[in-house]
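Next come the chains, spelled out residue by residue.
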Amino acid sequence: MVYEFDAVIVGAGGAGLYAALEAGTTAKTAVISKLYPMRSHTGAAQGGIGAALGNVEEDKPEWHAFDTVKGGDYLVDQEAARILAEEAVQTVYDLENRGLPFSRTPEGRIAQRRFGGHTRNFGEGPVHRSCYAADRTGNMILQTLYQQCIKNDVHFFDEFQVVELLLDGTRCTGVVVFELKTGEVHIFRAKAVLFATGGFGRMFRITSNALANTGDGPAVLARAGIPMEDMEFFQFHPTGIKGMGILITEGVRGEGGILLNSKGERFMERYAPTMLDLAPRDMVSRAIMTEILEGRGVRGDREIDDWVMLDASHLGRDVVESKIPDIADFCRTYLAIDPAEEPMPVQPTAHYAMGGIPTDVHGRVDTGGTVYEGLYAAGECACVSVHGANRLGTNSLVDLVVFGRRAGKHIAEYVQNVTHGPVDEGAAQAYSARVAKLKTEKGKHPGPIYREMQSVMTAKVGVYRNQSNMQEAIDTIRKLREQFQDVRVQDTADNFNTEVLAILELENLLDLSLITAVSAENRKESRGAHSRPDYPDRDDEGWLKHTLARLDGDKVSLDYKSVDVGIWEPKPRVY
Ligand SMILES: Cc1cc2nc3c(=O)[nH]c(=O)nc-3n(C[C@H](O)[C@H](O)[C@H](O)COP(=O)(O)OP(=O)(O)OC[C@H]3O[C@@H](n4cnc5c(N)ncnc54)[C@H](O)[C@@H]3O)c2cc1C
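Residues numbered from 1 in each chain as written. Predicted model: local features only at pLDDT ≥ 70, side-chain atom pairs only at ≥ 80, totals over all residues. Heavy atoms only, no water.

1. A look at the packing of helix H3 (residues 78–97) against helix H11 (residues 395–414)
When two helices pack together, you describe them by how their axes are tilted relative to each other and by the distance separating the axes.
Stage number 1. Two elements in contact, H3 and H11, have axes separated by 8 Å at closest approach and are oriented at 85°. Considered as vectors, H3 and H11 are oriented roughly perpendicular to each other. Every residue of H11 that contacts H3 at Ala80, Ile83, Leu84, Glu87, Ala88, Gln90, Thr91, Asp94 and Leu95 is listed here: Asn395, Val398, Asp399, Val401, Val402, Phe403, Arg405 and Arg406.
Stage number 2. Classifying every residue of the contact of H3 with H11 gives nine nonpolar, three polar and five charged. (Axes fitted to C-alpha atoms, helices over the stretch in contact; angles between N-to-C directions. Helix = DSSP H or I, 4+ residues; strand = E, 2+ residues; numbered from the N terminus. Parallel < 35°, antiparallel > 145°, perpendicular 65-115°, else oblique. Contact = heavy atoms within 4.5 Å. Nonpolar A, V, L, I, M, F, W, Y, C, P; charged D, E, K, R; others polar.)

Set out below in structure tokens:
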């Protein structure tokens, strides 16, 4: 079938829904989502959304922007960070007005708590900046935006999976979409398409990310010849539940929780004397890994499971039950531990992609030289770049709503002045034939390839990376991509064939793993989350530049784009 809309939004997380809401003010808008919208990963966000409201103590957007730049180890585009911090305030109030039930201060204002790397007066000490709804902030954002979209007549296509991009030169004219329920392949024609498909943490074995976070948007665009920006920067969150990776929000440390090694030492005193447990995530993750590597971690069953302790027991039961109720629940369910009484066992977990689809501050896909007409991206799959080499906690939710909203507004304007471009309707049949081939021939099961990819990415392109490890990862991923050609399904049904989807998603993860590993091997310095013992220092002379990595068969060609350092001069990061 061929559908026609003015605007197609791919993804129903925070970024996609906000964009849809704004685009829908003038444009006939469809949201295509492989999940039912409320199951998007935004719903898992616990800690909060950063905005300098100043409800608990003095705060300013300028301080927020500075913290974002410094936290990102100066690889952040500074004008974009300024917009992020300034528009965060209005956007949070906008969400409040649309019905978001924030937690409150005793005076009835939106409550705020501390989070890593967020400081007052350019680094003096921690500041209360994270607005939250208990530890269910993302869920509340989704509820609010979804109900507003429904109210405003946005069309939803749930459990429809976008598989290809339709381009006419550098103009986007639509997408090719696989419908889970029927197995049919459709064409969606559109004047503007926005990708908001979220992250791709599933390329790693220990990850906080949901099963669906397979980077479909960036992979589809990469295969259409669009380069990806800064893919070497992947954030490892310091506190995942040991062995499982399920996230324990930084909000626990924001409320006063502390990290301890096996000797009971508060080891962050040695790594970040001012910010302590609230230093940025890259630093805390490295501190934990160093404690473990030097023998002061707690031994797990397997080496990969070694951990340290996150202690919130001194906060008292009232704080634990009111401020972090879902975390307390996870710990009881998965670990049989009550965090009001005992420390939680934690280890770094692959959490957030700083890199992704390169965009300008209006969400338009912009590779530094070429702006793709009618093609937009926002949210975790995009790289504006406001997170640079390391994202601060609470800054992703801000990114989603600020840049999702901006992109939606731009689309609302743009579609009024253009007509639909040409689409190749044969693309649907060609894709159907590809899916049919997966069913008719006998071949390999995708499971072993998936597991090997995840293991090699966690072990070799993890918190610490060196040359030989990354080269090994690149070689392994290349081999797995070849093996992937022989993967076939066992289930040949047309209806609800999730096995087909799993194969398409594995292909996306393999492509993005290759781009990530090659970009990482290429960057010969340590900056933010990219930490190389063989090149331990940040090298601004050689490497203060964004990577652009273009996928071309089994090769990745590399180019660069300059960083906007127009406001603050790069300095060493001290916390
Ligand atoms: C456990 C956890 C806790 C977090 N806590 C916080 C926090 O407290 N504060 C903070 O700032 N950040 C937090 N983050 C990060 C933040 O939640 C995410 O970066 C953000 O929610 C991503 O939002 P998104 O809109 O870009 O994508 P998502 O919310 O991931 O949504 C992606 C959407 O794309 C759709 N999609 C994907 N592929 C396709 C396809 N091929 N076809 C059609 N649809 C597709 C999905 O159906 C989904 O609707 C957390 C992340 C995790 C994993």
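Now, onward.
2. Focus: the site of the ligand
Stage number 1. Residues in close proximity to the ligand total 38 residues, the closest being Ser40, His41, Thr42, Gly47 and Glu380.
Stage number 2. Interatomic distance of 2.8 Å between a backbone N/O atom of Ala12 and an oxygen atom of the ligand.
Stage number 3. Between the ligand and the protein, one listed contact pairs an oxygen atom with a backbone N or O atom of Ala196 at 3.4 Å.
Stage number 4. At four residues, H11 tops the list of elements feeding residues into the shell around the ligand. (Near = heavy atom within 4 Å. Polar contact = N/O pair within 3.5 Å; in protein donor to acceptor, adjacent residues only side chain to side chain.)

3. Focus on the packing of helix H13 (residues 447–460) against helix H15 (residues 498–522)
Stage number 1. The interhelical angle for the contact between H13 and H15, taken along N-to-C directions, is 25°, at an axis separation of 11 Å. In this view, H13 runs roughly parallel relative to H15, as classed from their interaxial angle. H13 and H15 meet at a crossing whose hand is left-handed. Of the residues in H15, those in contact with Ile449, Tyr450, Met453 and Met457 of H13 are Leu506, Leu509, Leu510, Ser513 and Thr516.
Stage number 2. Across the contact of H13 with H15, the residue classes tally to seven nonpolar, two polar and no charged. (Left-handed = near helix turned anticlockwise from the far one by under 90°.)

4. Notes on the nonpolar core
Stage number 1. With 82 residues, the main nonpolar core has Val8, Val175, Phe188, Phe195 and Leu221 as its most contacted residues.
Stage number 2. When residues in this core are grouped by element, the largest group, 13 residues, is from H15.
Stage number 3. Leave out the neighbours within four places in its chain, and Phe188 touches Tyr3, Phe5, Val8, Ile32, Phe157, Phe160, Thr173, Gly174, Val175 and Val177.
Stage number 4. Counting 51 residues, the second largest nonpolar core, distinct from the first, contains Val89, Ala192, Val384 and Leu400. (Core = buried A, V, L, I, M, F, W, Y, C linked by side-chain atoms within 4.5 Å. Buried < 20%, exposed > 50% of the residue type's maximum accessible area, 1.4 Å probe, protein only.)

5. Thoughts on the side chain of Arg281
Stage number 1. Topologically, Arg281 is positioned in helix H8 (residues 281–293).
Stage number 2. A polar side-chain atom of Arg281 sits 3.0 Å from a polar atom in the side chain of Gln235.
Stage number 3. Among the polar contacts listed, one links the side chain of Arg281 to the side chain of Glu250, at a separation of 2.5 Å.
Stage number 4. In this structure Arg281 touches Phe115, Gln235, Phe236, His237, Pro238, Glu250, His351, Asn390, Arg391, Gly393 and Thr394, once residues within four positions along its chain are discounted.

6. Quick word on helix H10 (residues 325–335)
Stage number 1. Within H10, burial applies to Pro325, Ile327, Ala328, Cys331 and Leu335.
Stage number 2. Here the buried face of H10 lies against strand E11 (234–241), helix H6 (251–254), helix H9 (317–323) and strand E14 (344–353).
Stage number 3. Just beyond H10, the residue with positive phi is Ala336, at close to 55°.

Any link to function would need more than the numbers given here.
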